[in-house]
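What follows is each chain in one-letter form.
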Amino acid sequence: MKLRTLELEQFRKFARPVRVAGIRDGLNVLCGPNEFGKSTLLAAIRGLLFERYGSKADPIKRMQCWGGNAAPRLAMEFEVGDGVWRIEKRFVHQPYARLTAPSGARFDNDAAEERLQELLGFGAAGKQGAKLEQMGVWGALWVTQRDSVLQPDLAGARGTISGCLDAEVGVLTGTEKGQALLKQVRERLFEMVDGNGKPKGRHRTLNEEIAARDKTLGTLRDRAARLAEDAEALREQTRRRDREGDPAAAEADAAALADARRRLEAVLLHQRELERAQTAHELTERKWQDALAEHSARCERIRRIVESRASADAEMRAAETARATVAAVDAEIERARAGVAAAQARHEAAGCNAHRLRRIEQVARERQALALLEAALAEAETVEERRRALQARFDAARVTPERIEAIRAAVRERDTARSALDAQATVVAFELLPGHEGSVSIAGEVLAPGRRTIAISDEAEIAIAGIGRIVVSPAIQNHVKLAKRISAAELHLRESLMATACADHDAAERGAAERSAAERDLNDARAQLARLVPGNPQIGLMAGIEALREKVDASRRVSAIAFVETGPEAEDAPEDILARVRAADAEEDAAKHALSSSAAVLSGAQERRSALHETQVRADERVDAERRALRRFESDAAEADAREPEVQLTERIAETDCARQASGATLAALERARPEDTPEGMRARVARYEQAVKDRDARVQRLNVTIAEIRARIAGEGGFGLDEEIARVERERDAFARERAGIAHEIAVLTLLRDTLEAAEREAKERYLEPVVRRITPHLQGLFPGAEIACDEAFRITGLTRAIAEEFDRLSDGTQEQIAVLARLAFAEMLVDRGKPAMVVLDDALAYADFDRMERMFDILAQASRKVQILILTCREDIFARLGGTRLEVKACDVVAA
């Protein structure tokens, strides 16, 4: 199956119609932030396919739009085989289902549900809605949010997967009879229990009947028990009402409440009198304390006046002493300043002399360096003249390496051709006896007596005087070609010799040797010149004789100017001048030390003067402060005496003390008469008694209501034959239980037979796993190079082998999630290969992958998407931007369906 479009209206958060269109083969990615509705889209696909249009189960109710009760409407176009189908459903209100085939044929309602299940290979939803085991392979391939770390659950897809594997692996073990028997056993078991082991058919009916009887019995027994409980409760509630409504107890509570209220009033009255006495006592105490404080303050002012007068006199004497000391230190400072001025003059004179001598030393060293440069320049000019002569000699040589090499090549070519010709020449040996001179000639050349050998390469005539002629014609191959080769070589040799003005090859070799010798001498002269004028960046001298010449000229001009400045002393040796410089530096250091000593004396005197001056200032300030304090104390004393004379203050202290003692006695008497009760305690008692009276009345009323209710229930149950009804229902339940026991025995026998037959096939089941492992291994090794997996017969991955074998459950969450995604891709590829509909949906998967793992997973997804349609729902747009694929959008559209 390949999804093409999806439409939603009034579904959860999508109140208005929206559409996701343009879903293509391969990779499709829908990105959006949290709360965008990505998981809602997957829920819409699952609900549209697997939930029945007329269901009232909770999953259908959860489809409704948030905050409303409108009918959810969904539609989807998907491709199966060569055609595009369209399924539309409306839920809750006026529900319907419509399935439109590629040919235009339409299936409505239940027919649409059945055709859709047959087309996509899933089971019908139950009363509680579609479960995972009913969704077939789609429950395994469509990963919901937070479930990507779990392995695909193949409970509902095992039949489809097994069918694909049977087609690849072939028939398992076992004879046809064994397979037929196993089929009959399974069919009979399926009549009594479904694929999950749950009862069905008559077995289910019996369970329902027994459960109904058990429920009825429970209800009847509960009613009988409640009736007995009500009778006992009526007696108990009646006793409690009589006890709570006793008039004597009510009168006792009323009397206790009245006594508590009376005692509360008495406590509050005494508390008010005590508070008034405390206030009066505090007032008289404060007046007495104020009078005492005023008397103490007057005594303190008198004491301070006496102390201030004595302190002012002492500070005046200290200030006079400080002023005399400052005057003495001022005279000492003047003497120190005169010493500093004399030391400064000596130091400046010594510094000028040292500076003059250092300048003379510098000029002497510059003249010494100039002499070295002049000597180097003279030697370099001599070498330069020799280099120029050698350069002229080298330039005059006409035998260049190219020309001598051309001459040598021509000689080699000529000699090679002649050697080839001589090798094929006819050799004639002659031996003339003495006395026959001039009797034999070859090509006009007369042979002398004796033995001789001649090589003949061209036709030659041997003449014998008085006898005749012999013509020798050598049989030489390529004679003409070799002759031309020799002529060409000799011509090239002559032209090359002419270019060098040499007569022959030997002369040319001598010319080449002379040129090489001149080149060696020239290179030696250049190297010597480079050593003499290498340059010196530290003094700004570039390499080369011209730079050295310019440097010498400039140094001469600078030296002449400096010599005029320094005079004849610069002609002395630098070492002698340096000795005078050191003596001048020593003299300057001594003058500097004397200046420092004089400055230190002056600084010390100035510091003492500053400290003494500060002491004098502070003494003057203290004198002023003491005088101001004395005037303030005297003024305060005069004002206080004018305000209240001392006699009146003494009388006020005596009067306030008497009033304080009287109020204290009154307060002590009230404290002694304090009652034992407290206001807080009595208020709590009054509230407690009032609440007790209210609670008693309320309890009596509630008990009356409860008694009336119990009597009504007893009256309603009293005339019904509960015991007879319980006995009848128990008889019916026992009959159903005996029938169910027989079915259970049959199920046990058939289950044992089925397990025995399946055990024989268990070993062959391993062959089922090979296609699954074969498909997942390439993806796995793309993520973990060299890794292998292990599966159990339920197609679940149990382990991963890299360097060592690891249990799947012990792997990290990220690794488990990545392998679970790979398993889904492998199952989808296998289904597509066998012509089964399959596609993969991943909702916020790969949440635990690091950058490297994510890149590898992207490569694997891209590779798998060549065969399987994949839909990615994610909120991490920045990361999944690297995945590629078709980008989908949720857009508004018209009404989904009428």
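Note: the structure precedes this text.
Residues numbered from 1 in each chain as written. Predicted model: local features only at pLDDT ≥ 70, side-chain atom pairs only at ≥ 80, totals over all residues. Heavy atoms only, no water.

1. Section: the overall build of the protein
The secondary structure content of the protein amounts to 20 helices and 21 strands. Along the first, second and third principal axes, the C-alpha set of the protein runs to 195 × 140 × 55 Å. A total of 898 residues make up the protein; the buried ones form 36% of that total. For the protein, the share of sequence-separated contacts (at least 6 apart) that also reach a separation of at least 24 residues comes to 73%. Here the protein has roughly 51200 Å² of accessible surface; of this, 52% comes from carbon and sulfur atoms. Of the side chains in the protein, 140 bear a positive and 153 a negative charge, and the two mean positions are spaced by 5 Å. (Helix = DSSP H or I, 4+ residues; strand = E, 2+ residues; numbered from the N terminus. Buried < 20%, exposed > 50% of the residue type's maximum accessible area, 1.4 Å probe, protein only. Contact = heavy atoms within 4.5 Å. Areas by Shrake-Rupley, 256 points an atom, 1.4 Å probe, with all protein chains shown as cover. Lys, Arg positive; Asp, Glu negative; His and termini not counted. Charge placed at Lys NZ, Arg CZ, Asp CG, Glu CD.)

2. Topic: the packing of aromatic side chains
This model, assessed by the stated rule, comprises four aromatic pairs. Centre to centre, the rings of W138 and W142 are 5.2 Å apart; their planes meet at 40°, and the pair counts as tilted. Accessibility assignment for this pair places W138 and W142 in one class, buried. Ring geometry for F858 versus F880: centroids 5.3 Å apart, planes at 55°, classification tilted. Separated by 22 residues along the polypeptide, F858 in helix α19 (residues 851-864) and F880 in helix α20 (residues 877-880) bring together distant segments of the chain. Grouping residues by exposure puts F858 and F880 together as buried. Counting every residue linked through ring pairs, the aromatic cluster contains F50, F122, W138 and W142. (Phe/Tyr/Trp six-rings, centres within 6.5 Å; stacked < 30°, edge-to-face > 60°.)

3. Brief notes about helix α14 (residues 646-672)
For α14, which comprises 27 residues, the first-to-last C-alpha distance of 40 Å matches the rise-based estimate of 39 Å (1.5 Å per residue) to within 8%. Turning to α14, its buried residues are L649, I653, T656, R660, S663, L667 and L670. (Expected span 1.5 Å × (residues − 1).)

4. Considering the sheet that holds strand β14 (residues 468-472)
Strands sit in the order β11-β10-β13-β14 across an open sheet of four strands; the sheet is antiparallel. Since the sheet does not close on itself, it has two edges, and those belong to β11 (445-446) and β14, each with one partner. Here strand β10 (residues 440-442) pairs with strand β13 (residues 460-464) via three bridges, running antiparallel. Among the inter-strand pairings, V440 is bridged to a residue of β13, identified as I464. (Pairing = 2+ DSSP bridges.)

5. What about a positive patch on the surface?
A cluster of basic residues, R627, R628, R631 and R632, forms a positive patch at the surface. Counting through the fold element by element, R631 comes out in helix α13 (residues 574-643). (Patch = residues over 30% accessible without salt bridge, like charges linked within 9 Å, V, L, I, M, F, W, Y side chains within 5 Å. Salt bridge = Lys/Arg side-chain N within 4 Å of Asp/Glu carboxyl O.)

6. Description of the nonpolar core
One finds F78, W142 and L861 to be the most contacted residues of the largest nonpolar core, which totals 90 residues. The element contributing the most residues to this core is helix α18 (residues 813-833), with 10 residues. Once you skip the residues sitting within four places of it in the chain, L861 turns out to touch L27, L825, L842, L846, I870, I872 and L883. Grouped together as the second largest cluster of nonpolar side chains are 12 residues, L370, L377, A380 and A547 included. (Core = buried A, V, L, I, M, F, W, Y, C linked by side-chain atoms within 4.5 Å.)

7. Comments concerning helix α1 (residues 38-50)
For α1, spanning 13 residues, the distance from its first C-alpha to its last is 19 Å, which sits close to the expected 18 Å at 1.5 Å a residue. Taken across its 13 residues, α1 has 11 buried, putting it largely inside the fold. Where α1 is concerned, the buried positions are K38, T40, L41, L42, A44, I45, R46, G47, L48, L49 and F50.

8. Focus on the side chain of R696
Tracing the backbone shows R696 in helix α15 (residues 679-717). You can call R696 buried: its relative accessible area is 16%. Sequence-distant contacts of R696, defined by excluding residues within four places in its chain, comprise R243, E244, A249 and D253.

9. Side note on the pairing of strand β3 (residues 27-31)
Moving residue by residue along a regular strand, the side chains alternate between the two faces of the sheet. Counting buried positions along β3 yields five of five residues, so the element is predominantly enclosed. Burial of the side chains of β3 extends over both faces: L27, V29 and C31 are buried on one face and N28 and L30 on the other. With five bridges joining them, β3 and strand β19 (residues 870-874) adopt parallel strand pairing. Across the sheet, L30 pairs through a bridge with L873, a residue of β19. Pairing geometry for β3 and strand β20 (residues 886-887), over two bridges, is parallel.

10. Points about the pattern of salt bridges
For the structure on display, the rule yields 43 salt bridges. A salt bridge links R728 to E732, with the nearest nitrogen and oxygen atoms 2.7 Å apart. Residue R728 and its partner E732 are both found in helix α16 (residues 722-762); the two are separated by four residues, about one turn of the helix. Close ionic contact of R856 with D852 constitutes a salt bridge, the shortest N to O distance being 3.4 Å. Taken together, the residues R856 and D852, both in helix α19 and four residues apart, mark about one turn of the helix. Exposure remark for R856: the relative accessible area of 28% places this residue in the partly exposed category. Among the charged side chains, a salt-bridge network with shared partners connects E7, R19, E77, R86, E88 and R98.

11. Overview of the packing of α18 against α19
The relative placement of two packed helices comes down to the angle between their axes together with the axis-to-axis distance. At a closest axis distance of 11 Å, the pairing of α18 and α19 adopts a crossing angle of 5°. Comparing their axes, α19 and α18 come out roughly parallel. Across the interface between the two elements, T815, Q818, V821, L822, L825 and E829 from α18 touch R853, M857, I860, L861 and A864 from α19. Looking at the contact of α18 with α19 residue by residue, the classes come out as seven nonpolar, two polar and two charged. (Axes fitted to C-alpha atoms, helices over the stretch in contact; angles between N-to-C directions. Parallel < 35°, antiparallel > 145°, perpendicular 65-115°, else oblique. Nonpolar A, V, L, I, M, F, W, Y, C, P; charged D, E, K, R; others polar.)

12. A look at the state of the cysteines
Counting across every chain of the model gives zero disulfides. Here C65 stays free of any disulfide, with the sulfur of C893 as its closest cysteine sulfur at 14 Å. (Disulfide = S-S within 2.5 Å.)

13. A look at the pairing of strand β16 (residues 797-801)
Pairing of strand β15 (residues 788-791) with β16 involves four bridges; the strand directions are antiparallel. Note that in β16 the partner of A790 across the bridge is G799. Taking the residues between adjacent antiparallel strands as the criterion, β16 and strand β17 (residues 805-807) are bridged by three residues.

14. Here's the deal with the sheet that holds strand β2 (residues 18-20)
Judged by pairing direction, the sheet is antiparallel, and its seven strands sit side by side in the order β7-β6-β5-β4-β1-β2-β21 without closing on themselves. Edge positions in the sheet fall to β7 (106-108) and β21 (890-892), since each has one partner strand and no second. Neighbour-to-neighbour, the strand axes of this sheet turn through a mean angle of 15°, independent of strand direction. Relative to strand β5 (residues 83-90), strand β4 (residues 73-80) is paired through eight bridges, and the arrangement is antiparallel. Across the sheet, V80 pairs through a bridge with G83, a residue of β5.

15. Quick look at the side chain of S865
In this fold, S865 is placed in the loop between α19 and β19. Looking at S865, the relative accessible area reads 12%, which means it is buried.

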